[in-house]
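If you want the building blocks of each chain, they are given just below.
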Amino acid sequence: MTGIPSHAIRKWQERYRILKPLQAPNGYWRYTNEDYFVLKSIQQRLADHQRLQEIMNMGREKLLEDNVSDLSENQIEFLNLVQSHSYSHIEKQFNKRATGTFSSWVNRVIRPSVILVGKAWETGILSVPEEHGYSKWLQSYLFQKVQVFPAASKAGWLCVSFPGDGHELSSLMHYSILRSRGIPAWFCGMLPREILTREVQTGKYRGVAISVVLDQTKPKLDSVQRAVEQASPGIQVRFGGYAIKVA
Ligand code: B12
């Protein structure tokens, strides 16, 4: 994740005791986010031509003060919970912050957490399994949370992601807000185009809410809209999500 060769990390760990990894039963070293920031600080200082011995003499605490990341303490603490798969703690934090309406909670608490975890993955702080683990957990947590609201009894919205767009959390968040407002809705995540058109042919839905997170061209949006409308004449089609807002 840091780009530092493992033999260098091991040498610094043994010779200077600057890192605090735990050893797993299989012998693998498990580094913490703090270790990551220590390593990034060493890397930065070496790039600035500071001598290794001098850097190591500064000690771990001083190196952490470099604050190579722009994350707040709360954010780092949250990422540590994600990294250690401490989902029950995350759930407690979320529940504690569940004030106001359900949709403001989704937008003010859940949404920033998704963006933070995504950013941590992009910058190499979290690995792919940690990032994906979080979104899978969040998906079932939020889905189950929504079930306290009355179930849809009449034709409602089918909430899906744009065919081929795997950002299902966006659609799930939209669905959960609809449900919390008493608007009948179902969540399907991402459906391939043929399955989506076949599903709307059943005539069970008043509309399809399509979340678009990956950039799409106007002709592609129009063509999906046409396919849905042809399959179920009179059905409403709405697009929403990150890419729509940006456009
Ligand atoms: C989480 C995430 C992922 C997760 C998705 C997990 C999941 N199950 O959803 C994973 C890791 C799987 C992922 C994968 C990828 N991702 Co990604 N991802 C993100 C991240 C961090 C957040 C996305 C998200 O959920 N955002 C949106 C949520 C929080 O809110 P929202 O859409 O605005 O939805 C709200 C409202 O808009 C509304 N709403 C939603 N839908 C609808 C619908 C209607 C009708 C209405 C009215 C309202 C509405 O309700 C919601 C609640 O209020 C963003 C970065 C970012 N900062 O946004 C990148 C990002 C979206 N990803 C990106 C990319 C490139 C990818 C990958 C292609 C990476 C890769 N090279 O493999 C893959 C795509 C794989 C695929 N085939 O789809 C890019 C997209 C660039 C672009 N503009 O096209 C981004 C912007 C990152 C970046 N900076 O490059 N990603």
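Just so we're clear, the structure is a prediction, and the values are computed from it rather than from any experiment.

**Q** Explanation requested: the overall build of the protein chain in the structure shown.
**A** Of regular secondary structure, the protein chain possesses twelve helices and six strands. A compact globule built from 247 residues would reach a C-alpha radius of gyration of about 18 Å, whereas the protein chain, at 23 Å, exceeds it by more than 25%. Expressed as lengths along the three principal axes of its C-alpha atoms, the size of the protein chain is roughly 75 × 40 × 35 Å. By the burial criterion, 43% of the 247 residues in the protein chain qualify as buried.

**Q** Honestly, the site of the ligand in this entry has me stumped. Any pointers?
**A** What surrounds the ligand is a group of 32 residues, the closest being Asn 107, Gly 166, His 167, Ser 170 and Ser 211. At a separation of 2.7 Å, an oxygen atom of the ligand approaches a polar side-chain atom of Asn 107. Within the side chain of Arg 111, an N or O atom sits 3.0 Å from an oxygen atom of the ligand. Under a 2 Å grid-point criterion requiring more than half of the atoms, the pocket assigned to the ligand is the largest pocket. Breaking the shell around the ligand down by element, the ones donating at least two residues are α7 (102–122), α8 (128–146), α9 (168–180), β5 (205–211), β6 (236–240) and α12 (242–246). A class-by-class count of the residues in the shell around the ligand yields eleven nonpolar, 13 polar and eight charged.

**Q** Before we go on, may I ask you to explain the domain arrangement of the protein chain in this structure?
**A** How big an interface is tends to be stated in terms of the accessible area lost upon association of its parts. Structurally, the protein chain comprises domain 1 (6–64), domain 2 (73–146) and domain 3 (156–246). The distance between the C-alpha centroids of domain 1 and domain 3 comes to 47 Å.

**Q** I'm lost on the packing of aromatic side chains in this one. Help?
**A** A ring pair, where both rings are aromatic, is described by two values, the distance of the centres and the angle of the planes. If you walk through the whole model with that rule in mind, you get 17 aromatic pairs. Here Trp 137 and Tyr 141 contribute two aromatic rings whose centre-to-centre distance is 4.9 Å and whose plane-to-plane angle is 15°, an arrangement assigned as stacked. Here the residue Trp 137 and the residue Tyr 141 both occupy positions in helix α8, the gap between them amounting to four residues, near one helical turn. Tyr 141 shares its class with Trp 137; the two are buried.

**Q** What exactly am I supposed to notice about helix α11 (residues 218–231) here?
**A** Along an α-helix, a turn takes 3.6 residues, which lines up residues three or four apart on a common side. Along its 14 residues, α11 runs 20 Å from first to last C-alpha, staying within 8% of the 20 Å computed at 1.5 Å per residue. Among the residues making up α11, those that are buried are Leu 221, Ser 223, Val 224, Ala 227, Val 228 and Ala 231. Buried positions in α11, seen along its axis, are confined to an arc of 165° and lie on one side of it. Turned more than 90 degrees off the buried face of α11, the exposed positions are Lys 218, Pro 219 and Gln 230.

**Q** Help me understand the coordination of the cobalt atom of the ligand, please; the structure alone is not making it clear to me.
**A** Six octahedral donors around a metal ideally sit at 90 or 180 degrees from one another, while four tetrahedral donors ideally sit at 109.5 degrees. The protein gives the cobalt atom of the ligand a lone donor atom, His 167 (NE2), placed 2.3 Å from the metal. As for its position among the elements, His 167 is in the loop between β3 (156–161) and α9.

**Q** Please explain the environment of His 49 as it appears in this structure.
**A** Relative to the elements of secondary structure, His 49 occurs in the loop between α2 (33–47) and α3 (52–58). Each C-alpha atom, one on His 49 and one on Ser 88, is 44 Å from the other, the two residues being 39 residues apart in sequence.

**Q** What exactly am I supposed to notice about the pairing of strand β4 (residues 185–190) here?
**A** Sheet topology places β3 next to β4; five bridges connect them, and they run parallel. Across the sheet, Ser 161 pairs through a bridge with Met 190, a residue of β4. Once the chain exits β3 it traverses α9 before rejoining the sheet at β4, and the crossover so formed is right-handed.

**Q** Is there a simple way to explain the pairing of β6 in this structure?
**A** Every regular strand shows the same layout, with side chains that alternate between the two sheet faces. Sheet analysis places β5 next to β6, joined by five bridges and oriented parallel. Bridge pairing in β6 places Ser 211 opposite Gly 240. Crossover β5 to β6 through α11 is right-handed.

**Q** So what exactly am I meant to see when it comes to the layout of surface pockets here?
**A** The gaps of empty space that remain are located by a probe, the size of a water molecule, rolled over the atoms. In this structure, the largest pocket occupies an estimated 1200 Å³ of space. Lining the largest pocket are 36 residues; nearest its centre among them are Val 114, His 167, Ser 170, Met 173 and Val 213. Of all elements in the fold, only α7, α8, α9, β5, β6 and α12 reach the threshold of two or more residues within the lining of the largest pocket. Here the lining of the largest pocket gets ten residues from one element, more than from any other, and that element is α7. Here the lining of the largest pocket is built from residues that sort into 15 nonpolar, twelve polar and nine charged. Roughly 700 Å³ of volume is contained in the second largest pocket. In terms of lining, the second largest pocket is formed by 22 residues, of which the most central are Trp 29, Arg 30, Tyr 31, Thr 32 and Gln 83. Residue assignment for the lining of the second largest pocket shows that the elements contributing at least two residues are α1 (6–16), β2 (29–30), α2 and α5 (73–83). The leading source of residues in the lining of the second largest pocket is α2, at four residues. Tallied by class, residues from the lining of the second largest pocket come to ten nonpolar, eight polar and four charged. When residues of the lining of the second largest pocket are assigned to domains, at least three map to each of domain 1 (6–64) and domain 2 (73–146).

Calculation criteria
Residues numbered from 1 in each chain as written. Predicted model: local features only at pLDDT ≥ 70, side-chain atom pairs only at ≥ 80, totals over all residues. Heavy atoms only, no water. Helix = DSSP H or I, 4+ residues; strand = E, 2+ residues; numbered from the N terminus. Rg over C-alpha atoms; globule rule 2.2 N^0.38 Å. Buried < 20%, exposed > 50% of the residue type's maximum accessible area, 1.4 Å probe, protein only. Near = heavy atom within 4 Å. Polar contact = N/O pair within 3.5 Å; in protein donor to acceptor, adjacent residues only side chain to side chain. 1 Å grid on protein atoms, 1.4 Å probe; cavity = no way out; pocket = protein on both sides within 12 Å on 5 of 7 lines; lining within 4 Å. Sits in = over half its atoms within 2 Å of the grid points. Nonpolar A, V, L, I, M, F, W, Y, C, P; charged D, E, K, R; others polar. Domains from an automatic or database assignment. Phe/Tyr/Trp six-rings, centres within 6.5 Å; stacked < 30°, edge-to-face > 60°. Expected span 1.5 Å × (residues − 1). Arc of directions from axis to C-beta. Donors = N, O, S within 2.8 Å, 3.2 Å for Na, K, Ca; no water. Pairing = 2+ DSSP bridges. Right-handed = clockwise from strand over helix to strand, strands pointing away. Points joined across faces, edges and corners; volume = space filled by probe spheres on them.

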